[in-house]
Amino acid sequence: MELKVYIDGNLHPKSEAKVSVFDHGLLYGDGVFEGIRCYNGLVFRLNEHLDRLYESAHTIMLAIPLSKKEMTQAVLQTLKANQLKNAYIRLVVTRGVGDLGLDPRKCKKATVIIITDNIVLYPETLYRNGLEIITVPTVRNLPEALNPQIKSLNYLNNIMAKIEATSAGYQEAIMLNFQGYVTECTGDNIFLIKEGVLITPPAYLGALKGITRDAIMELALKQGVRCEEKVITRHEVFNAEEVFLTGTAAEIIPVVKVDGRKIGQGKPGRLTLQLMKAFHKLTKEDGVRYSL
Ligand code: PMP
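Keep in mind the model is a prediction, meaning the values are calculated, not measured.

Below, the discussion takes up the pairing of strand S3 (residues 31-39). Counting buried residues along S3, 9 of its 9 residues qualify, which places the element largely inside the surrounding structure. Here S3 shows two buried faces, one formed by Gly 31, Phe 33, Gly 35, Arg 37 and Tyr 39 and the other by Val 32, Glu 34, Ile 36 and Cys 38. Inspection of the sheet shows S3 paired to strand S5 (residues 87-94) by 8 bridges, in the antiparallel sense. Looking across to S5, one finds that Arg 37 is bridged to Tyr 88. Here S3 runs beside strand S4 (residues 42-44); their pairing, made up of 2 bridges, is antiparallel. Within the sheet, the bridge partner assigned to Tyr 39 lies in S4 and is Leu 42. Between S3 and S4, which follow one another and run antiparallel, lie 2 residues, and Asn 40 among them has a positive phi close to 45°.

Right, dumping it as structure tokens:
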């Protein structure tokens, strides 16, 4: 069966799922999006993802033509139409069709797209052995210019960093802000553990407030692990006991080497493994349930 894609209330076969070349999502990257997972008929933290989507849209003054309740129904309808219990969900809201000028007022109605597909994660061996990452030269967007807390369709900042990482032979990379402080990776948040305390950079430095990031901090607190949002440099990363990345697609992935420096014992750490286990349990419990 060909995959079906939701566009503005209708389901189209994948090969016919198309939007206008005058859509400002295409012309200018003008829009917002979410990446969401569902696990065995449970859309993980869907409400939190929708809250972030609507906040991103509010900041860029984009009116989403569906209520959160209607959006929830649209997501579930698309999953059901594709008979998917486990999937990656890409929810996209663009400014819609306009003319060739920038002016968003010319775009009369936002375009809503929901794609549900299977997910390609990092290979299993990387979860067992850990990832090696580097720091790249491209600086994370200044929050005063384009706030990384807006999950916008304009991802060139991250793509530039990703190109630098992959051309050096790495799959993920640390991005610093203009002052040289660690912000996040190209598509994941970063955590470190030092003296048993879980530390992650505050979003205001220039990072997305990850849904997985929030979940990990909650799980850590529940396990009695102290949790801090703290300004960190690469020095703190190099000398951490453990480092890991979090994201909807990656979930939690251990990092064992950064810029050639071994992290801790050079293998996934105890707390990281503990949090991975707790996170997998959470993905079976926390979300919006549906049946096919
Ligand atoms: N930072 C960036 C730049 C991202 O694109 C993502 C993935 N969407 C994340 C962090 C992780 O966020 P989440 O846990 O909500 O997927």
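Moving on: the nonpolar core. Among the nonpolar cores identified, the biggest contains 43 residues, and Ile 174, Leu 198 and Ile 216 are the most heavily contacted of them. Per-element accounting of this core gives the leading share, 6 residues, to helix H8 (residues 270-282). Not counting chain neighbours up to four residues away, the residues in contact with Leu 198 comprise Phe 191, Leu 192, Ile 193, Ile 216, Ala 220, Val 225, Arg 226, Cys 227, Glu 228, Phe 244 and Leu 275. Judged by nonpolar contacts, the second largest core, of 30 residues, contains Leu 53, Ile 64, Ala 74 and Ile 89.

With that settled, consider unusual backbone geometry. Across residues other than glycine, the phi torsion is negative in most instances, and most of the peptide bonds are trans. Of note, Met 61 is a non-glycine position whose phi angle comes to about 55°, a positive value. Exposure remark for Met 61: the relative accessible area of 73% places this residue in the exposed category. Not every positive phi belongs to a glycine, and Glu 195 is a case in point at roughly 50°. Following the sequence through the fold, Glu 195 ends up in the loop between strand S10 (189-194) and strand S11 (197-200). Judged by its relative accessible area of 68%, Glu 195 is exposed.

As a further point, take empty space enclosed by the protein. This model, assessed by the stated rule, comprises 3 cavities of 30 Å³ or more. Approximately 70 Å³ is the volume found for the largest cavity. Together, Arg 140, Asn 141, Leu 146, Asn 147, Pro 148, Ile 150, Ser 152, Asn 154, Tyr 155 and Asn 158 line the largest cavity. A per-class count over the lining of the largest cavity returns 4 nonpolar, 5 polar and 1 charged.

With that settled, consider the site of the ligand. By nearness alone, 17 residues border the ligand, and Lys 151, Tyr 155, Glu 184, Thr 212 and Thr 248 come closest of all. Measuring from an oxygen atom of the ligand, one finds a side-chain N or O atom of Tyr 155 at 2.5 Å. Here an oxygen atom of the ligand sits 2.5 Å away from a polar atom, N or O, in the side chain of Thr 212. Out of a free accessible area of 380 Å², the ligand has 94% covered by protein chains. Because more than half of its atoms lie within 2 Å of the grid, the ligand is assigned to the largest pocket.

We now examine the domain arrangement of the chain. Domain assignment breaks the chain into domain 1 (4-117) and domain 2 (124-282). Just the C-alpha atoms count here: the centres of domain 1 and domain 2 sit 26 Å apart. Here domain 1 packs against domain 2, burying approximately 1600 Å² in sum over the two surfaces, 63% of which is carbon and sulfur. Ranking the residues of domain 1 by area buried against domain 2 places Phe 33, Arg 45 and Arg 52 at the top, with a combined share of 37%. One salt bridge connects Glu 251 with Arg 37, and the closest N-O pair in it is separated by 3.4 Å. Here domain 1 is connected to domain 2 by 10 residue pairs in polar contact (both at pLDDT 80 or more). Secondary structure elements with two or more residues in the side of domain 1 that touches domain 2: helix H1 (24-28), S3, helix H2 (46-59) and S5. Sort the elements by how many residues they give to the side of domain 1 that touches domain 2 and S3 lands first, with 8 residues.

Procedures and definitions
- Residues numbered from 1 in each chain as written.
- Predicted model: local features only at pLDDT ≥ 70, side-chain atom pairs only at ≥ 80, totals over all residues.
- Heavy atoms only, no water.
- Buried < 20%, exposed > 50% of the residue type's maximum accessible area, 1.4 Å probe, protein only.
- Helix = DSSP H or I, 4+ residues; strand = E, 2+ residues; numbered from the N terminus.
- Pairing = 2+ DSSP bridges.
- Core = buried A, V, L, I, M, F, W, Y, C linked by side-chain atoms within 4.5 Å.
- Contact = heavy atoms within 4.5 Å.
- 1 Å grid on protein atoms, 1.4 Å probe; cavity = no way out; pocket = protein on both sides within 12 Å on 5 of 7 lines; lining within 4 Å.
- Points joined across faces, edges and corners; volume = space filled by probe spheres on them.
- Nonpolar A, V, L, I, M, F, W, Y, C, P; charged D, E, K, R; others polar.
- Near = heavy atom within 4 Å.
- Polar contact = N/O pair within 3.5 Å; in protein donor to acceptor, adjacent residues only side chain to side chain.
- Areas by Shrake-Rupley, 256 points an atom, 1.4 Å probe, with all protein chains shown as cover.
- Sits in = over half its atoms within 2 Å of the grid points.
- Domains from an automatic or database assignment.
- Buried area = accessible area lost by both parts, 1.4 Å probe.
- Salt bridge = Lys/Arg side-chain N within 4 Å of Asp/Glu carboxyl O.

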